[in-house]
Amino acid sequence: MRRRDWVGLLLVLLVAAGLRLYRADAVEFYHDEAMLGMLAQEMADGQTFPLQGIISSVGIPNPPTTVYSIVPPFWFSNDPVVITGWVILLNVVGVGLLYVIVWRQFGFMAAVAAALVYAANPWAIMYSRKLWAQDYATPFLLLALLFAQLGFRDGKRWAQVLAVPVMLWGMQIHFAAWALVPLFGWLIVAGRARWYWPSLVVGALLSVAVLTPFGLGIAQTLGQDPTRLTDSLAASTGRDLDGGVSPWVHWFRLLTGAQVATWMLPNEDSTVELWFTHAAMVALAVLGVWVAARRYGWGVWGALALWLVLPPLAFGLALSDVWPHYFVPLLPGFALVVGLGFSATADFFPSILRTVREVAPVLVGGFVVVSAIYWYGVLNFGIERAVTLGAGTSGYTTPAT
C-alpha cells in the first residue's frame with residue numbers, strides 16, 4: 001500500500017468511528033442485551049463455559065460463539081457502554097476490512113467509495129451499536145472473506161487454513177449469515193487450482209473444533225427437549241403470505257440506506273427521506289454490476305449475485321417471518337457494487353464523459369454527508385422520545401445510561 005492507500009484507509013475508519021461512537025452512552029440495552037451480557041460476564045469470571053447462547057427468535061438456542069465473541073471487554077468492565085464500544089470497534093474494523101478486500105481486488109477508487117458508503121449507511125450504523133448478535137457477525141464474515149481472497153485467489157496457504165473456520169465462527173453468531181455459504185463455496189471452488197491439501201485438512205479440523213461447542217449444546221438441548229428443533233422449524237417455515245415480497249422491501253431499505261426511522265421510530269410520522277441520494281446509490285450500484293459482469297467476468301458477477309440476490313430469495317421462500325436484521329451481512333456487498341460503479345466513472349469512461357466522472361465523487365460524498373445528518377437526526381429524535389417498555393414494545397427504547 002502506498003501513502004494514498006493508507007490515507008484512504010484512515011479516512012474511512014475515521015468516518016466509521018465518528019458515526020458509530022456518537023452518543024455511545026445512549027445505545028439501547030434491553031432484554032436480549034442483558035441476557036447475552038450475563039452469559040459473557042459469567043464466562044469472563046470463570047463461572048461457566050456456555051455451550052449455547054440465548055434463545056433465537058425461531059426458538060432454537062443460538063450458538064455459543066455469540067457469547068465467546070464479546071467476552072474480551074468483560075475482562076475489564078461490565079459497563080454497558082464499554083461493552084457496546086467493543087461491538088462498535090468490531091464494526092469499525094469491519095469497514096477497514098471491506099476497504100482492504102476491495103482495494104486488493106478492484107483498486108483504490110472502488111475501495112474508498114465502497115468503504116465510505118458502508119461506513120455511512122444509516123442501517124449499517126444502527127446495526128453496529130448494540131450488544132445484539134446480528135450487530136457483530138459481519139466483521140467476522142468480512143475477515144473470512146479476506147482470508148478466502150488471500151488463500152484461494154493468491155494461494156496463501158496459511159489463509160486457506162483460516163478461511164473456513166473463521167467463516168463458521170461468524171455464521172454461528174447469527175443464523176441468517178448461513179445464507180452466505182454459497183458465496184464462500186463459490187470463492188473456494190473458483191480457487192481450486194491453488195488448493196493446498198495439508199492446509200485444507202488443518203482448516204477442516206479447525207472447523208470441526210469451531211462447531212463442536214454448538215454441537216454439544218444442541219445435544220444437550222435435545223436431551224432435555226427431544227422435539228425442540230422440529231417444533232421450532234415447523235413453526236418458522238412456510239411461504240410468506242405476500243409471496244416473498246417483504247424480504248425485498250427490507251433488502252431495498254437496508255441496501256440503499258432508506259427509512260431507518262421505520263425501525264427506530266415506528267410510532268413517529270415526522271421523518272424526512274432524501275430519496276435522491278438513495279436513487280443515486282442505486283444508479284451507481286447498477287453501473288457497478290454492469291462493470292463487474294463486463295470487466296471482471298462471471299466469476300465476480302456470480303459472487304455478487306450469491307451475496308446480494310440469493311439470501312432474499314431464500315428467505316422469501318423458506319420463512320414466514322423475515323426481519324431487517326437478516327440482511328445485515330449484505331450491506332458491505334451493496335457498498336462494494338456502489339464502489340465499482342464509482343470507480344467505473346473514473347477509469348472506464350472516455351474524456352467526453354468527464355462530467356460523469358466529476359459527478360460520481362459528489363454523489364458518494366453527498367451520500368456520506370446526507371446519511372450522517374439523517375442518522376444524527378433520527379438518533380437524537382429517538383433519544384428524546386424513547387418509548388416505554390411493555391408488551392409488544394417496538395422502536396428506540398431503554399438507553400444504557
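Residues numbered from 1 in each chain as written. Predicted model: local features only at pLDDT ≥ 70, side-chain atom pairs only at ≥ 80, totals over all residues. Heavy atoms only, no water.

Asker: What should I look at first to understand a nonpolar patch on the surface in this one?
Answerer: A surface patch of nonpolar side chains, about 220 Å² in accessible area, is lined by Trp178, Val181 and Leu211. Mapped onto the elements of the fold, tryptophan 178 is located in the loop between α9 (157–173) and α10 (181–190). For tryptophan 178, a relative accessible area of 33% gives the class partly exposed. (Patch = residues over 30% accessible without salt bridge, like charges linked within 9 Å, V, L, I, M, F, W, Y side chains within 5 Å. Areas by Shrake-Rupley, 256 points an atom, 1.4 Å probe, with all protein chains shown as cover. Salt bridge = Lys/Arg side-chain N within 4 Å of Asp/Glu carboxyl O. Helix = DSSP H or I, 4+ residues; strand = E, 2+ residues; numbered from the N terminus. Buried < 20%, exposed > 50% of the residue type's maximum accessible area, 1.4 Å probe, protein only.)

Asker: So what exactly am I meant to see when it comes to the side chain of serine 207 here?
Answerer: Here serine 207 shows up in helix α11 (residues 197–224). In this view, serine 207 contacts Val164, Pro165 and Leu168; residues no more than four positions away in its chain are not counted. (Contact = heavy atoms within 4.5 Å.)

Asker: Help me understand the environment of arginine 129, please; the structure alone is not making it clear to me.
Answerer: Within the secondary structure layout, arginine 129 lies in the loop between α7 (122–126) and α8 (138–153). Filtering out sequence-adjacent residues up to four positions away, arginine 129 remains in contact with Arg20, Leu21, Tyr22, Arg23, Ala24, Val27, Thr84, Ile88, Asp135, Trp375 and Leu379. Separated by 2.6 Å, the side chain of arginine 129 and the backbone oxygen of arginine 20 make a polar contact. In this structure the side chain of arginine 129 is engaged in a polar contact, spanning 3.3 Å, whose partner is the backbone oxygen of arginine 23. (Polar contact = N/O pair within 3.5 Å; in protein donor to acceptor, adjacent residues only side chain to side chain.)

Asker: Explanation requested: the confidence of the model for the protein chain in the structure shown.
Answerer: Close inspection of predicted coordinates is inappropriate in any region flagged by low pLDDT. When pLDDT is averaged along the protein chain, the result is 84, and 83% of the positions lie at 70 or above. The least confident element of the protein chain is helix α12 (residues 228–236), whose mean pLDDT is 59; the most confident is α8, at 97. (pLDDT = per-residue confidence, 0-100.)

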